[in-house]
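These are the residues of each chain, in order.
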Amino acid sequence: MSESSTPPVRSIGTLEAAAARVLPAAVWAYVQAGAGAEDAMRANHDAFRRRTLRPRALTDVRSLDLSSRMLEDRLAAPLFVCPMARQGLVHPDAELATHRAASDAGVLSVVSTLSTRSLEEIAASSPQGPRWFQLYLQPDFVASRNLVERAERAGYSALVLTVDMPVLGSRDQLLEHDFVLDADAPVGNGAPVLAPSRPPVGERGHFHLRSDAGATWDVLDDLQSITRLPVVVKGLLTGEDARRAENHGARAIIVSNHGGRQLNGAPAALEALPEVVRAVGSEVEVYFDSGIRRATDVLIALALGARAVGLGRPVLWALAVGGEAGVRRFFQLLTTELATEMALTGRRRLAEIDRTLLGAERW
Ligand SMILES: Cc1cc2nc3c(=O)[nH]c(=O)nc-3n(C[C@H](O)[C@H](O)[C@H](O)COP(=O)(O)O)c2cc1C
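Residues numbered from 1 in each chain as written. Predicted model: local features only at pLDDT ≥ 70, side-chain atom pairs only at ≥ 80, totals over all residues. Heavy atoms only, no water.

A. Expanded view of the pairing of strand β7 (residues 231-236). Here β7 lies mainly inside the structure; six of its six residues are buried. Of the strand pairs in this sheet, strand β6 (residues 159-162) and β7 are connected by four bridges, and their pairing is parallel. Note that in β7 the partner of threonine 162 across the bridge is lysine 234. As judged from the four bridges shared by β7 and strand β8 (residues 252-255), these two strands associate in the parallel manner. Paired with valine 232 across the two strands is alanine 252, which belongs to β8. The parallel pair β7 and β8, bridged by helix α10 (residues 239-247), forms a crossover whose chirality is right-handed. (Buried < 20%, exposed > 50% of the residue type's maximum accessible area, 1.4 Å probe, protein only. Helix = DSSP H or I, 4+ residues; strand = E, 2+ residues; numbered from the N terminus. Pairing = 2+ DSSP bridges. Right-handed = clockwise from strand over helix to strand, strands pointing away.)

Structure below.
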């Protein structure tokens, strides 16, 4: 799939269908899959479609400022690339393309433990960053520590601990395609790096005790004892857990239901956002992912208290369709759309985006 032979990314609205045309069926299933009956995944989208925006007229929108910050990293827009595993399935340039394009767009990259390319190779190919490392705890803490030390040496500026995957969610689409992740898509961070395993019952009944299924909140303290990097917790949906994360020293929280890929009974991530924002003190930054597709979605999440939002599947669609140029174009389109929506709602800076932006719900 060379870049010149792939169709260019023309608009955001056509990306998903364009990606479906270029990706093999099993890979498409891996990217798109939600958990169980995919209720949580659908809820993510419905939660945004329900909302409306209250525009403010005549506010002089000739000059707009989209710049943002996540912990110590300065961004051109309040956006980050979600950690997503095994991008080599989607395009041969894999994470190198995604994170170079994000870096050029001034958007933060969160790089997955389960990347196709090694964390060092990704860092070297986009040295400007900004770049954080997402950690899936390994069964043996020494292996986790080794990953953390490598990320620190390679210049990653925060550690994102994903906590919503003690086991892999049930995903029919993977079973349909008999897709065995480790076998079909090896990871680049070395042989000892393992993905969360399947749960103990069922057809593939072998429960290897090899993931973070045994982890408890103390692990946040353990991580802080081995790194100077700030720890961010990804995958929380309740105020209680947000407070636990804060009490264990988390510097930021990503409200997320993993794009509806883990717990089918989970609420739309957007519905959980206000509860988490209310639960933590102002020193803990709150970010959001799950269901962001357009600039309007970005505005809604910011209005509900997120400091920045993550893009998941749409980045993989852009990567599939146009490689590095495709992801670069996607972020151009999204930031242009965000500026347009800010102008149309009369908001010149991100600080002006608050609850007053939200109108009555459509249903
Ligand atoms: C193909 C794919 C792979 C993913 N891999 C990871 C991962 O390695 N680590 C992680 O924390 N989240 C992972 N996620 C979840 C994303 O980080 C993010 O939470 C989710 O995709 C956001 O929802 P959205 O796709 O609707 O934007 C993955 C998601 C997808 C679609």
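Having seen the model, we can carry on.
B. The site of the ligand, seen in detail. Residues in contact with the ligand amount to 22 residues; listed here are only the nearest, Pro83, Ser112, Thr162, Arg293 and Arg313. The contact in question runs from an oxygen atom of the ligand to an N or O atom on the side chain of lysine 234, over 3.0 Å. The separation between an oxygen atom of the ligand and a polar main-chain atom of glycine 312 is 3.1 Å. In isolation the ligand has 610 Å² of accessible area, and contact with the protein removes 98% of it. Breaking the shell around the ligand down by element, the ones donating at least two residues are α2 (25-32) and α13 (313-345). (Near = heavy atom within 4 Å. Polar contact = N/O pair within 3.5 Å; in protein donor to acceptor, adjacent residues only side chain to side chain. Areas by Shrake-Rupley, 256 points an atom, 1.4 Å probe, with all protein chains shown as cover.)

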